[in-house]
Amino acid sequence: MRITNGRHWIGLPAMAMGLLLAGCQTPPADRPLTSEVPEPPSFVTPPETCQAAAVRFGLGLRVSQQLLEEMRQRAGARLARTVPAVEKADPMQDTARLNVQVEPTGRVVGAYCG
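The numbering scheme is per chain: residues are counted from 1 as the chain's sequence reads. This being a predicted model, a pLDDT of at least 70 is required before a residue's local features are given, and a value of 80 or more before pairs of side-chain atoms are given or counted; all residues contribute to the totals for chains, interfaces and linings. Water and hydrogen atoms were dropped before computing side-chain values, which therefore reflect all heavy atoms in the structure.

Draft legend 1. Layout of the pairing of strand β2 (residues 97–102). Across the six residues of β2, six count as buried, placing the element largely inside the fold. In the sheet, β2 pairs with strand β3 (residues 108–113) via five bridges, with the strands oriented antiparallel. In the sheet register, asparagine 99 faces β3, and the bridge partner there is tyrosine 112. Count of turn residues in the β2/β3 antiparallel hairpin: five residues, of which glycine 106 carries a positive phi of about 100°. Classification of residues uses two cut-offs on accessible area relative to the type maximum, computed with a 1.4 Å probe and protein chains only: under 20% is buried, over 50% is exposed, and between them is partly exposed. By the criteria applied, helices consist of DSSP H or I runs no shorter than four residues and strands consist of E runs no shorter than two, each listed in order from the N terminus. Strand pairing is assigned whenever DSSP identifies at least 2 bridges connecting the two strands.

Here it is in structure tokens:
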């Protein structure tokens with residue numbers, strides 16, 4: 001049997017007192033709202049996905065891959081394609097697609113989105 005002189009019991013009341021005092025702290029006061037709070041983000045209306053009016057520079061030019069790519073970029077379209085000038089509009093409309101109307105000689109005669 002081991003006998004101790006009670007030294008382990010000396011720290012117990014001090015630890016209990018520390019825990020008791022830690023629980024008595026007051027919570028932080030709420031801050032009032034100020035004008036320093038940033039505005040919430042707003043939604044911006046996206047521009048049209050394709051603007052055929054921006055490709056008027058290409059009317060009358062001979063179609064090429066470089067011209068088609070430049071027209072696509074200026075129109076802001078996702079993709080571009082050539083269609084015969086006499087072809088009816090495709091029923092599958094894609095607002096992000098530029099359609100360049102080309103006559104049989106290879107000259108650009110029109111452009112539309114869809």
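Draft legend 2. Here's a closer look at helix α2 (residues 65–75). Listing the buried residues of α2 in full gives Leu67, Leu68, Met71 and Ala75. End-on view of α2: buried residues confined to an arc of 100°, all on one side of the axis. Exposed side chains of α2 directed beyond 90 degrees from the buried face belong to Gln65, Gln66 and Gln73. Whether two residues touch is decided by their heavy atoms; if any such pair falls within 4.5 Å, the residues are in contact. Tucked inside the fold, the buried residues of α2 contact β1 (79–84), β2 and β3. Taken from the residues just after α2, glycine 76 is the one with a positive phi, measuring 75°. Directions pointing from the helix axis toward each C-beta atom define the arc.

Draft legend 3. Structural detail: the packing of aromatic side chains. Pairs were defined over the aromatic rings of Phe, Tyr and Trp, the Trp ring being its six-membered one, requiring ring centres within 6.5 Å. Orientation was assigned from the angle between planes: stacked under 30 degrees, edge-to-face over 60, tilted for the rest. A complete count under the given rule lists zero aromatic pairs for this structure. Two conditions define a charge located above a ring, namely a distance within 6 Å from the ring centre to NZ of Lys or CZ of Arg, and an angle within 35 degrees of the ring normal. The ring of phenylalanine 57 carries the charged tip of arginine 74 above its face, separated from the ring centre by 3.9 Å.

Draft legend 4. Quick look at the pattern of salt bridges. Here, a salt bridge means any side-chain nitrogen of Lys or Arg that lies within 4 Å of a carboxyl oxygen of Asp or Glu. Counted according to the given criterion, the structure contains three salt bridges. For glutamate 69, the salt bridge is made with arginine 72, and the minimal N-O distance between the two is 2.6 Å. One end of the pair is glutamate 69 and the other is arginine 72, both in helix α2 and three residues apart, which spans about a single turn. Overall, glutamate 69 belongs to the partly exposed group, its relative accessible area being 31%. Among the salt bridges present, the one from glutamate 70 reaches arginine 74, with a minimum N-O distance of 2.9 Å. Of this pair, glutamate 70 and arginine 74 both sit in helix α2, four residues apart, which is roughly one turn of that helix. By relative accessible area, glutamate 70 is classed as partly exposed at 33%.

Draft legend 5. Examining the sheet that holds β1 more closely. If you walk across this open sheet you meet the three strands as β1-β2-β3, and the pairing is mixed. Each edge of the sheet is formed by a strand with only one pairing partner; in this case those strands are β1 and β3. Neighbouring strand axes in the sheet, compared pairwise and without regard to direction, differ in orientation by 25° on average. For every element, the axis is a line fit to its C-alpha atoms; helices are fit only across the contacting stretch, and the angle between N-to-C directions ranges from 0 to 180 degrees.

Draft legend 6. Just the state of the cysteines, in detail. By convention in this document, the label disulfide applies to cysteine sulfur atom pairs within 2.5 Å. Going through the model one piece at a time under the given rule, you end up with one disulfide. Paired through a disulfide, cysteine 50 and cysteine 113 show a sulfur-sulfur distance of 1.9 Å. Sign of the S-S torsion, about -70° for the bond between cysteine 50 and cysteine 113, identifies this disulfide as left-handed. Taken together, the positions of cysteine 50 in the loop between α1 (11–23) and α2 and cysteine 113 in strand β3 put the pair 63 residues apart, joining distant regions of the chain. Taking the relative accessible area as the measure of exposure, cysteine 113 reaches 26% and is therefore partly exposed.

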